[in-house]
Amino acid sequence: MTLADQNASDKEKISVASPNALPANSAGPGSGKLFESSSDGETEVGEVQAVTLDIERLKRAEGDATFHRLGWKRLTVVLIVEAIALGSLSLPGAFATLGMVAGVILTIGIGIFAMYTSYVVGQVKLKYPDVSHYADAGRLMFGKFGYELISVMFILQLVLIVGSHVLTGSIMWGAITDNGACSIAFAVVSAIILFLLAIPPSFAEVAILGYIDFVSIIAAILITIIATGIRASDAGGGLANVNWSAWPKENVTLSEGFIAITNIVFAFSFAMCQFTFMDEMHTPADFPKSIWALGIIEVCIYTLTGALIYAFVGQDVRSPALLSAGPLVSKVAFGIALPVIFISGSINTTVAARYIHGRVFKDSIVRYVNTPMGWMTWLALDAVITIFAWIIAEAIPFFSDLLAISSSLFISGFTFYLPSTMWFMFVVEGKWYERKNWFLATVNAVSFIIGIAILGLGTYSSIDDIMLRYKDGNVGTPFSCAAAS
């Protein structure tokens, strides 16, 4: 068979596979066929070019189909995976600082604001479909500078979150094995699992794992609530003797109080990845169903988790609250929570990799991750992100405080003051001060103020806590085999 015959055969196969392929007699752009001489005779270069174009069109069509499979139900699951992790079990500690009344009010109130600002993000996505990531929204608001600034914020925050899951995984392995090995080894194992789970490039695959993730976190929370309730009932004096309070703990400092508030705020930080997730929806207009479903689920889970565990354990509640369930039960709960630690962590790697990969290969079929080059670059990028997250988590002795600082600097914007700014710039119909806009203008102004307060006071509180830990000698050693904390 000649080369020309083989090319014609290939084109026929591609044309059957893809209705968008070029006609079999097309030679692509240009005027007529191109020929060149070779030792084997004349080769129809134009037809080779046409086959190449057909293959690229086929790969693009496959890529578009792969990355537009999310419906609103799957989007809800993906948002749950990204939003609800073991961080929810830090809320009883926040309640212990703020008191039961303030804890419940702030959890419900912040949850409602987070739902609304996430709705604003969705409105912007519908109005500007080309906005695929938060950085694109930064370009809309502030031009090239905004694009680059928010790109750095976006990537850094995602990498730090992955690092926090590496650290949480290390704590989990230590708790299950009674610190039976060096914590660095546990962190390496955690990083490898996070890398493997981040390999699928589409969020549709993550949604399948999301069902396991959701069942896992609910089971871990229920086990912790039941175990702490039983321990409190069996203790001397029973539940009536638990030292919980409706009001903030005595002599609480500004830093302690605001760090507790930011723990609640950061539990509702799902708006950061929403542009990225919505970009895969086949019907983006359905996004409000996902937002309301997620918001209601989060508010219920967080409020009940914080209030019940605090009521059962009191001021001595540990963070994560799984550690308050007793030595044996905490091991069981950590084992059940294993999917949460790694599935919820890996999705942040996927989001960061999707942004970087799509930006680098914007005009190439490589970005669809359905060619050998696409897969090689995708796996390499996933590995680099995971390695950086592991290094940061192990190298910085005050990592948890660093995460609090970055969250104060970045999540305050992604969840509060940036959506409010976008409402005033892109969403409002007419002038913001018109009578019909008074209510929403007030809501967005309050959201903006909340974001700025978190930015300022949250950053101050985190830095103050780092200085206090250095003063008390409670700062760990980088790359130490000591138990992670």
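Residues numbered from 1 in each chain as written. Predicted model: local features only at pLDDT ≥ 70, side-chain atom pairs only at ≥ 80, totals over all residues. Heavy atoms only, no water.

1. What about the packing of helix H3 (residues 72-83) against helix H13 (residues 338-360)?
No. 1: Between H3 and H13, the shortest axis-to-axis distance is 7 Å and the interhelical angle comes to 100°. As judged from the angle between their axes, H3 and H13 are roughly perpendicular. Residue-level inspection shows Val78, Val81 and Glu82 of H3 in contact with H13, the latter providing Ile343, Ser344, Ile347 and Asn348.
No. 2: In terms of residue class, the contact of H3 with H13 is built from four nonpolar, two polar and one charged. (Axes fitted to C-alpha atoms, helices over the stretch in contact; angles between N-to-C directions. Helix = DSSP H or I, 4+ residues; strand = E, 2+ residues; numbered from the N terminus. Parallel < 35°, antiparallel > 145°, perpendicular 65-115°, else oblique. Contact = heavy atoms within 4.5 Å. Nonpolar A, V, L, I, M, F, W, Y, C, P; charged D, E, K, R; others polar.)

2. A short note on the state of the cysteines
No. 1: In total, this model carries one disulfide according to the counting rule given.
No. 2: Here Cys182 is linked by a disulfide to Cys481, with a sulfur-sulfur distance of 2.0 Å. Between Cys182 and Cys481, the S-S dihedral sits near -90°, and the bridge is therefore left-handed. Linking Cys182 in the loop between helix H6 (134-177) and helix H7 (183-197) with Cys481 in the segment after helix H16 (438-472), this pair joins segments that are 299 residues apart in sequence.
No. 3: Judged by its relative accessible area of 22%, Cys182 falls in the partly exposed class. (Disulfide = S-S within 2.5 Å. Buried < 20%, exposed > 50% of the residue type's maximum accessible area, 1.4 Å probe, protein only.)

3. Details of a nonpolar patch on the surface
No. 1: A cluster of nonpolar side chains, contributed by Phe142, Phe145, Leu149 and Met425, occupies part of the molecular surface with about 420 Å² of accessible area.
No. 2: By residue number, the principal contributor to the nonpolar patch is H6, which donates three residues.
No. 3: As for its placement among the helices and strands, Leu149 is situated in helix H6.
No. 4: We classify Leu149 as partly exposed; its relative accessible area is 41%. (Patch = residues over 30% accessible without salt bridge, like charges linked within 9 Å, V, L, I, M, F, W, Y side chains within 5 Å. Areas by Shrake-Rupley, 256 points an atom, 1.4 Å probe, with all protein chains shown as cover. Salt bridge = Lys/Arg side-chain N within 4 Å of Asp/Glu carboxyl O.)

4. Considerations on the nonpolar core
No. 1: Core analysis: the biggest nonpolar cluster contains 117 residues, and Tyr134, Phe277, Phe414 and Met422 have the highest contact counts within it.
No. 2: Looking at this core element by element, the count peaks at 17 residues for H6.
No. 3: Filtering out sequence-adjacent residues up to four positions away, Phe414 remains in contact with Tyr134, Ile150, Met153, Phe154, Ala271, Met272 and Pro419. (Core = buried A, V, L, I, M, F, W, Y, C linked by side-chain atoms within 4.5 Å.)

5. Notes on the environment of Val121
No. 1: On the secondary structure map, Val121 appears in helix H5 (residues 100-127).
No. 2: Once the C-alpha coordinates of Val121 and Leu418 are considered, the two residues, 297 residues apart in sequence, prove to be 9.1 Å apart.
No. 3: Excluding residues within four positions of it along the chain, Val121 makes contact with Tyr134, Ala271, Gln274, Phe275, Pro419 and Met422.

6. Details of the packing of H5 against H16
No. 1: Remark: H5 packs on H16, axes separated minimally by 11 Å, with the N-to-C direction vectors making an angle of 110°. On the basis of the axis angle, H5 is roughly perpendicular to H16. Here H5 contributes Phe113, Tyr116, Thr117 and Val120 to the contact with H16, which in turn contributes Leu440, Val443, Asn444, Val446, Ser447 and Ile450.
No. 2: The class makeup of the residues in the contact of H5 with H16 is seven nonpolar, three polar and no charged.

7. Examining the packing of aromatic side chains
No. 1: Under the defined criterion, the tally for this structure stands at 16 aromatic pairs.
No. 2: For the ring pair Phe268 and Tyr302, a centre distance of 5.0 Å and an interplane angle of 80° mean the geometry is edge-to-face. Of this pair, Phe268 sits in the loop between helix H9 (254-267) and helix H10 (274-278) while Tyr302 sits in helix H11 (residues 287-313); the two residues are 34 residues apart in sequence, bridging distant segments of the chain.
No. 3: For the ring pair Trp390 and Phe479, a centre distance of 5.7 Å and an interplane angle of 55° mean the geometry is tilted. Of the two residues, Trp390 is situated in helix H14 (residues 372-395) and Phe479 in the segment after H16; the sequence distance between them amounts to 89 residues.
No. 4: Given the relative accessible area of 39%, Phe479 is considered partly exposed.
No. 5: Aromatic rings pair up to connect Tyr134, Phe154, Phe275, Tyr355 and Phe414 into one cluster.
No. 6: Cation over ring: Arg139 sits above Tyr147, and NZ or CZ is 3.9 Å from the ring centre. (Phe/Tyr/Trp six-rings, centres within 6.5 Å; stacked < 30°, edge-to-face > 60°. Lys NZ or Arg CZ within 6 Å of the ring centre and 35° of its normal.)

8. Examining the confidence of the model for the chain
No. 1: The pLDDT averaged across the chain works out to 84; a share of 84% of its residues lies at or above 70.
No. 2: When the criterion is pLDDT under 50, residues 1-37 qualifies, and its contacts beyond four places in sequence or with other chains add up to 49 contacts. (pLDDT = per-residue confidence, 0-100.)

9. A closer look at H6
No. 1: End to end, H6 covers just 40 Å across 44 residues, shorter than the expected 64 Å (1.5 Å per residue, more than 12% under).
No. 2: The sharpest bend along H6 reaches about 150° and sits at Phe142.
No. 3: A positive phi of about 55° marks Asp178, the residue just after H6. (Expected span 1.5 Å × (residues − 1). Bend = angle between axes of the 7 residues up to and from the residue.)

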